[in-house]
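Structural characterization, general
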Amino acid sequence: MNDDTLKSLLRASAPPVALRSADAFWSAVERQAQVPGRAPAIPRRLGLTANLLRRWQAPAWAAAAAAAALVAAVVWPGAHAPALDQFRIGDELPNNGALVITDSDTDATILWVITEET
Amino acid sequence: MNKLASLLSAALLLAATVASAAQQMLDVRLVKLTGNGTVTPGLESVAAIIRRNLPYAGCALVDQQGCIMPANATLAFKGGYTVTCKTLDGAVGVTIQKNRKLLLSTAVTLKDDTPVIIGGFDGGAKGAKHVFVLQKSP
């Protein structure tokens, strides 16, 4: 009995095997993973990724906001600078001080000297 | 030769025109604030700011001067006022004098076309006040 005869005999005596498609195989794996009490293989990996995202989401947003603020400060250095840095009223001017007003609508600044006649 | 000279002078004139067009100006206006509602045309936005924040309704232009940014000039105004403007580290140092006596000295940071209003000085008429409006113009 040669090898070919042996193989054909083995094939003839073997039970027929039903082939499954890849989709059917992974559906079965997912169903199995959802059974309570069993260690799911794929969802566990997904869970790990989700936990990582949840854990690092807030720090990532904070870092992005800090980077944006830094860029804004570099690109627009005077964007948040006060319009009036300092002032000195002359000794000759009879005054009771001064008032710095910022107009809420336009962000315009008024330096108003309160004189004795005011 | 004459053609070359005229072409060169035309190019220089064009370059000077473009350069002057790109330069920003510092516009300084002396404005008189009064109780009545008269507003000089062109000062409507300044008058609106004043009305929102101070008890003055009238806004009349007394005098207007300007200088190229970065500023380094002394501007003479009606009423004996002089305003010295000097740009330093991004801010403009402003010194206001009247009849050579110091009224006020400050440093202002001008943002875009947002005005900075400095004043409250005696405006002559009863209750009137003088202010200087500093504004960058493109």
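Residues numbered from 1 in each chain as written. Chains lettered and ligands numbered in written order. Predicted model: local features only at pLDDT ≥ 70, side-chain atom pairs only at ≥ 80, totals over all residues.

**Side note on the overall build of chain A**
Put simply, the test is: Helix and strand labels come from DSSP, where a helix needs a run of H or I of at least four residues and a strand needs a run of E of at least two; each type is numbered from the N terminus. Labels follow a simple rule on C-beta atoms placed from the backbone: if 20 or more others lie within 10 Å of a residue's own, it is buried; if 12 or fewer, it is exposed; otherwise it is partly exposed. What counts as a contact is two residues whose backbone-derived C-beta atoms lie within 7 Å of each other.
Counting secondary structure elements, chain A contains three helices and three strands. Reading the secondary structure of chain A in the N-to-C direction produces α-α-α-β-β-β. In chain A, which comprises 118 residues, the share counted as buried stands at 8%. For chain A, the share of sequence-separated contacts (at least 6 apart) that also reach a separation of at least 24 residues comes to 12%.

**Overview of the environment of leucine 84 of chain A**
As for its position among the elements, leucine 84 of chain A is in strand 1 (residues 84–89). Separated by 26 residues in the primary sequence, leucine 84 of chain A and isoleucine 110 of chain A place their C-alpha atoms 9.0 Å from one another. With residues up to four places along the chain from it excluded, the contact list for leucine 84 of chain A reads Val100, Thr109 and Leu111 of chain A together with Thr106 and Val108 of chain B.

**Here's the deal with the environment of leucine 26 of chain B**
Residue and element names in this part refer to chain B. Locating leucine 26 in the fold gives a position in strand 1 (residues 25–34). A count of 23 C-beta atoms within 10 Å places leucine 26 in the buried class. For leucine 26 and leucine 110, which are 84 residues apart along the polypeptide, the C-alpha to C-alpha distance reads 9.3 Å. For leucine 26, the contacting residues outside a window of four places in its chain are Gly66, Cys67, Met69, Ala71, Cys85, Val92, Leu134 and Lys136.

**Details of the interface of chain A and chain B**
Put simply, the rule reads: Side-chain classes are defined by residue name, with Ala, Val, Leu, Ile, Met, Phe, Trp, Tyr, Cys and Pro counting as nonpolar, Asp, Glu, Lys and Arg as charged, and the others, Gly among them, as polar. Strands were regarded as paired on the criterion that DSSP finds at least two bridges between them.
The interface of chain A with chain B comprises 28 residues on the first partner and 25 residues on the second. Looking at the side of chain A that touches chain B, the elements with two or more residues in it are strand 1 and strand 3 (109–115) of chain A. Broken down by element, the residue count for the side of chain A that touches chain B peaks at seven residues, all from strand 3 of chain A. Residues of the side of chain A that touches chain B, tallied by class, amount to 14 nonpolar, seven polar and seven charged. Summarising the sheet, strand 3 of chain A and strand 7 (residues 116–122) of chain B pair through four bridges and their orientation is parallel. Note that in strand 7 of chain B the partner of isoleucine 110 of chain A across the bridge is isoleucine 117 of chain B.

**Things to note about the pairing of strand 5 (residues 91–98) of chain B**
Every regular strand shows the same layout, with side chains that alternate between the two sheet faces. Residues and elements named next belong to chain B. Sheet topology places strand 4 (residues 81–88) next to strand 5; eight bridges connect them, and they run antiparallel. Bridging across to strand 5, tyrosine 81 finds its partner in lysine 98. Counting the residues between successive antiparallel strands, the hairpin from strand 4 to strand 5 contains two residues, one of them, aspartate 89, with a positive phi of roughly 55 degrees. With seven bridges connecting them, strand 5 and strand 6 (residues 101–108) associate as antiparallel partners. In the sheet register, valine 92 faces strand 6, and the bridge partner there is valine 108. A loop of two residues connects strand 5 with strand 6, the two strands running antiparallel in sequence, and asparagine 99 in this loop sits at a positive phi of about 50 degrees.

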